[in-house]
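Structure at a glance
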Amino acid sequence: MMKKVVFVFISAILAIGCNNLKDNEFVISGTANGIKNGKKVFLEVQTETGSIAKDTAIVTDGKFELRGITKELDLGFVRFENEQINMPLILEHGTIELNIVKDSLQKSTLGGTPNNEMFQKFNTDSRVISDKVVKFEKDNNAIMQKAQMSQDTATINRLLKEYRKFQDEMNIYSKKFIKENPDAYLSVLLLENFLVRQYLTPEEVKTYFEGLDVNIQNTKSGSKIKAALKKITGVKIGKPAPNFSAPSPEGKTISLKESLGKVTIIDFWASWCGPCRAENPNVVALYKEFHDKGLNIIGVSLDKEASKWKEAIAKDGLLWPQVSNLKHWKEPIALQYNVESIPATFILDAKGNIVAKNLRGDALRAKVVALLEVK
């Protein structure tokens, strides 16, 4: 039986004022329509390890107030005890006004500070698309469920195709918002979402990102985008290999730049990696055959223990420079090169450009021979 397909439409809502507040302090002045007095209200932020509560209040006479300190712009969520409400807002210095309508997040509003005003503008202007989605779901959910039960793929695909048009509309509007509001924190949040969903290419994301205000680029979300773009675009065939340096087994700092030859292999491995150790004899033979003709190799180990690393180097007869920070999968060079499995190899030409990746055995030898132009 086919899995139930549920129509999902994610509509962003994103938005500073001052009322004798301390630096970096904010206050959320809220109205809770339809929510009983005595209910707890929570202000939370998302972190890499989960949500963290920044403040808690009680609904009194249909109102509530939350306070906190934020050193930089951040995305927060207001939720209520035992209620299906999770209202996003921008945490920033000032008095943030929040009007919650229990049965309709779309009718809920926020404002009071510049970024929350822009957040609300986005939500209001995109509501025409949201309304079309609501109507489409209402008109077609029963049809979709019937099609799923009968495995009517033609109807399912037709409805999904129609539904995607609304997402395309929202994407187009979001791109327009980003371009027209370079100083809005929402713009960088939308751009981060585009990058995660791979809706835009890294090059397109980079272009939009460079159009944002510097202060927005330097936010938490902006820093994530910069790191992601560096990771995605920094290590590609046809581009220069990023330089790095790290300690050798003897404690000497060795860099890629000083290790370059006519052809250079960056070899990511570890003493605990069976496939790496199995491939080492082939790499040793390749090195002995072509080192005098211009082949250099630099090994980067994902070991944790120096003793096991050194023992493996000696046992396998690895003759080329070796470096490691002994941080296992958190090895900075491996992170820099987006290495998620080993063995991993990067083959560089005489200019230090990456010309191939992850070649082994005969394929690696053939590439080295071609680059060295030997017979």
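Procedures and definitions
- Every chain begins its residue count from 1, and numbering advances along the sequence as written.
- Residue-level local features of this predicted model are given only where pLDDT is at least 70; pairs of side-chain atoms are given and counted only at 80 or more, and the full residue set underlies all totals for whole chains, interfaces and linings.
- Computation of side-chain values: all heavy atoms of the structure, hydrogens and water removed.
- Note on pairing: two strands pair once DSSP finds at least 2 bridges between them.
- For the purposes of this entry, the term helix denotes a DSSP run of H or I that reaches at least four residues, the term strand denotes a run of E that reaches at least two, and both are numbered from the N terminus.
- Whenever a helix is involved, its axis is fitted only over the stretch in contact; in every case the axis is a line through C-alpha atoms, and angles between N-to-C directions fall within 0 to 180 degrees.
- Should any heavy atoms of two residues lie within 4.5 Å, those residues are counted as being in contact.
- Exposure categories follow from relative accessible area, calculated using a 1.4 Å probe and restricted to protein chains: below 20% of the type maximum is buried, above 50% is exposed, and the middle band is partly exposed.
- We score Asp and Glu as negative and Lys and Arg as positive, and we do not count His or the chain ends.
- Salt bridges are counted wherever a side-chain nitrogen of Lys or Arg sits within 4 Å of a carboxyl oxygen of Asp or Glu.
- For classification purposes, angles smaller than 35 degrees are called roughly parallel, those larger than 145 roughly antiparallel, those between 65 and 115 roughly perpendicular, and all remaining angles oblique.
- In this scheme the crossing of two helices becomes right-handed for a clockwise turn of the near helix relative to the far one and left-handed for an anticlockwise turn of less than a right angle.
- Within 6.5 Å between ring centres, the rings of Phe, Tyr and Trp (the latter by its six-membered ring) count as paired, and their orientation is classed by plane angle as stacked under 30 degrees, edge-to-face over 60, tilted in between.
- Note on residue classes: Ala, Val, Leu, Ile, Met, Phe, Trp, Tyr, Cys and Pro are nonpolar, Asp, Glu, Lys and Arg are charged, and everything else, Gly too, is polar.

Here we take up the sheet that holds strand 2 (residues 40-47). Judged by pairing direction, the sheet is antiparallel, and its four strands sit side by side in the order 3-2-5-6 without closing on themselves. Where the open sheet ends on each side, the last strands, each with one partner, are strand 3 (50-58) and strand 6 (86-91). Across the sheet, the mean angle separating the axes of adjacent strands is 30° when strand polarity is ignored. Each of strand 5 (74-80) and strand 6 is contacted by helix 1 (residues 114-125), which is oriented at about 135° to strand 6, the strand it contacts most.

Take the side chain of D303 next. The residue D303 is located in the loop between strand 12 (295-301) and helix 9 (306-316) in this model. Buried and unpaired, D303 has R277 as its nearest opposite-charge partner, separated by 7.4 Å. If near-sequence neighbours (up to four positions away) are discounted, D303 is found in contact with A270, S271, W272, K308, W309, S324, L326, K327 and H328.

Summed over all chains, the structure comprises 16 salt bridges. One salt bridge in this structure joins K39 and E83, with 3.5 Å as the shortest N-O distance. With K39 in the loop between strand 1 (25-33) and strand 2 and E83 in the loop between strand 5 and strand 6, the pair connects residues that are 44 residues apart, well separated along the chain. For the pair K39 and E83, a shared accessibility class is recorded, and that class is buried. A salt bridge links K308 to E305; the shortest N-O distance between them is 3.9 Å. Residue K308 is classed as partly exposed on the basis of its relative accessible area of 45%. What emerges from the salt-bridge pattern is a single network uniting E25, E65 and R67.

Let us look at the environment of K236. Of note, K236 is situated in the loop between helix 7 (220-233) and strand 9 (245-247). Residues within four places of K236 in sequence aside, it is in contact with E203 and I354.

On to the packing of helix 1 against helix 3 (residues 153-180), then. The interhelical angle for the contact between helix 1 and helix 3, taken along N-to-C directions, is 150°, at an axis separation of 11 Å. Relative to helix 3, the element helix 1 lies roughly antiparallel. Along this stretch, helix 1 crosses helix 3, giving a crossing that reads as right-handed. Within the contact between the two elements, helix 1 uses M118, K121, F122 and D125 and helix 3 uses M170, Y173, S174 and F177.

Okay, the packing of aromatic side chains next. Within this structure, the stated rule accounts for 13 aromatic pairs. Between F64 and F80 the ring centres are 5.5 Å apart and the planes differ by 85°, which places this aromatic pair in the edge-to-face class. A residue pair is termed long-range when its members are at least 10 positions apart, and F64 in strand 4 (residues 63-69) and F80 in strand 5 qualify at 16 residues. The buried category is assigned to F64, whose relative accessible area is 5%. Between F268 and Y337 the ring centres are 5.8 Å apart and the planes differ by 50°, which places this aromatic pair in the tilted class. Separated by 69 residues along the polypeptide, F268 in strand 11 (residues 263-269) and Y337 in the loop between helix 10 (332-336) and strand 14 (344-348) bring together distant segments of the chain. Comparing F268 with Y337 shows no difference in burial state: the two are buried.

Running from N to C, helix 4 (residues 185-197) and helix 7 cross one another at 30°; their axes reach a closest spacing of 9 Å. Judged by the inter-axis angle, helix 4 sits roughly parallel to helix 7. Where helix 4 crosses over helix 7, the handedness of that crossing is left-handed. Every residue of helix 7 that contacts helix 4 at Y185, V188, L189, L191, E192 and L195 is listed here: S221, G222, K224, I225, A228, L229 and I232. Counted by class, the contact of helix 4 with helix 7 contains nine nonpolar, two polar and two charged residues.

Limitation: the analysis is restricted to geometry and does not speak to function.
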